Amino acid sequence: MCLDGARRVGAKILVSGGSRCNVTNRVVSERDFWGGSSRTIRSVLRAFPVERTIGFFREIGVDLHEEENGKLFPDSNSSRTVVEGLLREMARLGVDLRCGERVVAVRRDSDAFVVTTGSGGEFSARAVVLATGGRSLPKSGSDGGGYALAAALGHGYVPTTPALAPLLLDGERHSELSGVAMPARLTVRVEGESDVKLDGALLWTHFGASGPVVLDASRHWHRARLEKRAVDVLLNLCPGETFESIEASLIEEARARPRALPATVLAKRLPAAVAESCVRAAGLERVTMAHLTKDERRRLIQVLLTTPLSVVDSRGYAFAEATAGGVPLDEIDAASMASRRCPGLYLVGEILDVDGRLGGFNFQWAWSSAWVAGRAIASACQS
Ligand SMILES: Cc1cc2nc3c(=O)[nH]c(=O)nc-3n(C[C@H](O)[C@H](O)[C@H](O)COP(=O)(O)OP(=O)(O)OC[C@H]3O[C@@H](n4cnc5c(N)ncnc54)[C@H](O)[C@@H]3O)c2cc1C
């Protein structure tokens, strides 16, 4: 039996990947995840790797194709076909799915569990799988209620923060650039830790910044703040270039086009509005290339390569695609997803302290961990 508090299952699948569902990625390894032990994550991913995910979806009538950065989407380009495929498979297997049945308590009674729902239902079960997700997109039904169920059965809790969330920035610059997308590198510098460097597209918005590279950075910013550590997010607008390579090209431009304005020159490599804002940030609006002093040129390069983003917060769980933190992974047996705290209990998916980067990794964690639990329960039923 499968109990889901939501009226309709698969809300997150439906909204995922811009309603196209980025089901997985061509290459997935433990290095794509943060949170608990990498060894545990690797073991779970290897038990049900990407090839088996692709095969499974093909078998249930959902063929996948690859897009940029290895992302795999259904050929239909509609997340609805993913939900429908999963529901067809549940029906074929005779799973009794009950929607609108929010679980409010799970208690262990001698050798069985008693599961109580908000509508007053009581169900007895030999095994229980907690697959209640994290806190992201709470209106979908994943509002963190699962952590209390796990705690009541003896589990701990790694404090959660939003992950894969847009960032709110202070100042005016982002709203002037709202709508502009560009490649960027973000360096998250946390006091006492090595830098995390992330590359990808950045989208300026009226509230701050979004886009894959920003979403990936958000969990690092939040984790540092949670631990009360100083954190800086540094923006590099010319990923792949060095201070020296940019300086050489600016010197060459000054020779070739002495009367050009720096903003015009920079617009060759950046969106025009971003080029202008960099020149403004360096205070060089009125200078021509010929009159740019060495110090001014270096100041401009500094703005291009390392502008601190004044992050004040993220947009929170309502806009986060994942949750960092959760039930500690070392409380789970990686070979079965069985709880080490409560016999007969299994935990899978985002309720656990595992969060993946953007690109289909979070779903792969959900598919792999669920498969491992399913296999273990099936073999326990046979014995
Ligand atoms: C906007 C958005 C886009 C995303 N896009 C992608 C993407 O393209 N690719 C990717 O890999 N990941 C994506 N993700 C992340 C991905 O959706 C999640 O990591 C994944 O859905 C987690 O699966 P889960 O089964 O653990 O939890 P969830 O999908 O959150 O499902 C948990 C279920 O448990 C139910 N539930 C919760 N509490 C109770 C309770 N007490 N009783 C009964 N039922 C309960 C909920 O109603 C829900 O149906 C996206 C997330 C969001 C929010």
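Residues numbered from 1 in each chain as written. Predicted model: local features only at pLDDT ≥ 70, side-chain atom pairs only at ≥ 80, totals over all residues. Heavy atoms only, no water.

Asks: Describe the domain arrangement of the chain, with residues and values.
Replies: When its domains are assigned, the chain resolves into domain 1 (2-162 + 318-382) and domain 2 (166-315). Here the C-alpha centroids of domain 1 and domain 2 sit 37 Å apart. Each side of the interface is counted separately: domain 1 has 15 residues, and domain 2 has 12 residues. Around 1100 Å² of area is buried between domain 1 and domain 2 when both sides are counted, 61% of it from carbon and sulfur atoms. Ranking the residues of domain 1 by area buried against domain 2 places W34, F319 and L358 at the top, with a combined share of 46%. Note that D355 is salt-bridged to R219, the shortest N-O span being 2.8 Å. Applying the counting criterion to the domain 1 and domain 2 interface returns five residue pairs in polar contact (both at pLDDT 80 or more). Where the side of domain 1 that touches domain 2 is concerned, the elements lending two or more residues are β3 (33-35), β11 (158-163) and β19 (322-326). Per element, the largest residue contribution to the side of domain 1 that touches domain 2 is five residues, and it comes from β11. Here the side of domain 1 that touches domain 2 is composed, by residue class, of eight nonpolar, four polar and three charged. (Domains from an automatic or database assignment. Contact = heavy atoms within 4.5 Å. Buried area = accessible area lost by both parts, 1.4 Å probe. Salt bridge = Lys/Arg side-chain N within 4 Å of Asp/Glu carboxyl O. Polar contact = N/O pair within 3.5 Å; in protein donor to acceptor, adjacent residues only side chain to side chain. Helix = DSSP H or I, 4+ residues; strand = E, 2+ residues; numbered from the N terminus. Nonpolar A, V, L, I, M, F, W, Y, C, P; charged D, E, K, R; others polar.)

Asks: Outline the nonpolar core, listing residues and values.
Replies: Counting residues in each nonpolar core, the largest one holds 52 residues, and the members touching the most others are F57, M337, L347, L352 and W365. In terms of residue count, helix α12 (residues 361-382) provides more of this core than any other element does, eight residues in total. The contacts of F57, once residues within four sequence positions are left out, are V23, V62, L64, V82, L86 and W367. Of all hydrophobic cores here, the second largest spans 47 residues; its members include A209, V265, L292 and I301. (Core = buried A, V, L, I, M, F, W, Y, C linked by side-chain atoms within 4.5 Å. Buried < 20%, exposed > 50% of the residue type's maximum accessible area, 1.4 Å probe, protein only.)

Asks: Pulling in residues and values, what's your account of the sheet that holds strand β17 (residues 307-309)?
Replies: Overall, antiparallel pairing links the seven strands, which are arranged β17-β16-β13-β14-β15-β12-β18 in an open sheet. Looking along the sheet, the strands with just one partner apiece sit at the ends: β17 and β18 (311-314). Strand-to-strand, the axes of this sheet are offset by a mean angle of 40°, without reference to chain direction. Examined bridge by bridge, strand β14 (residues 196-204) and strand β15 (residues 208-210) share two bridges and lie antiparallel to one another. If you follow L203 over to β15, its bridge partner there is S210. On the sheet, helix α7 (residues 212-226) packs against β12 (167-169), β13 (181-190), β14, β15, β16 (231-236) and β18 and is oriented at approximately 125° with respect to β14. (Pairing = 2+ DSSP bridges. Axes fitted to C-alpha atoms, helices over the stretch in contact; angles between N-to-C directions.)

Asks: For the sheet that holds strand β8 (residues 112-117), give the residues involved together with the corresponding values.
Replies: On the basis of which strands lie adjacent, the open sheet formed by three strands has the order β7-β8-β9 and antiparallel pairing. Each edge of the open sheet carries a strand with a single partner, namely β7 (103-109) and β9 (122-125). With direction set aside, neighbouring strand axes in the sheet form an average angle of 20°. By the bridge criterion, six bridges tie β7 to β8 in an arrangement that is antiparallel. Across the sheet, the residue bridging to D109 is A112, located in β8.

Asks: Can you tell me about the site of the ligand, naming the residues and giving the values?
Replies: Residues in close proximity to the ligand total 28 residues, the closest being D4, V103, S142, E350 and F363. Note that an oxygen atom of the ligand is positioned 3.4 Å from one of the backbone N or O atoms of G360. A distance of 3.4 Å separates an oxygen atom of the ligand from a polar atom in the backbone of N362. About the coverage of the ligand: the protein hides 89% of its 1000 Å² of free accessible area. (Near = heavy atom within 4 Å. Areas by Shrake-Rupley, 256 points an atom, 1.4 Å probe, with all protein chains shown as cover.)

Asks: Go over the packing of helix α3 (residues 50-59) against α12, please, and point to the residues and values.
Replies: Between α3 and α12, the least distance of the axes is 11 Å, while the angle of their chain directions is 85°. Comparing the axis directions of α3 and α12 gives the class roughly perpendicular. Here V50, R52, T53 and F57 of α3 lie close against α12, whose contacting residues are Q364, W367 and W371. When its residues are assigned to classes, the contact of α3 with α12 shows four nonpolar, two polar and one charged. (Parallel < 35°, antiparallel > 145°, perpendicular 65-115°, else oblique.)

Asks: I'd like to hear about the state of the cysteines, residue by residue, with values.
Replies: Linking two cysteines covalently via their sulfur atoms produces the bond known as a disulfide. One pass over the structure, following the stated rule, counts zero disulfides. C278 takes part in no disulfide bond, and the closest cysteine sulfur to it belongs to C238, at a distance of 7.6 Å. According to the relative accessible area criterion, C278 is buried, its value standing at 0%. The thiol sulfur of C342 is not disulfide-bonded, and the nearest other cysteine sulfur, from C381, lies at 16 Å. (Disulfide = S-S within 2.5 Å.)

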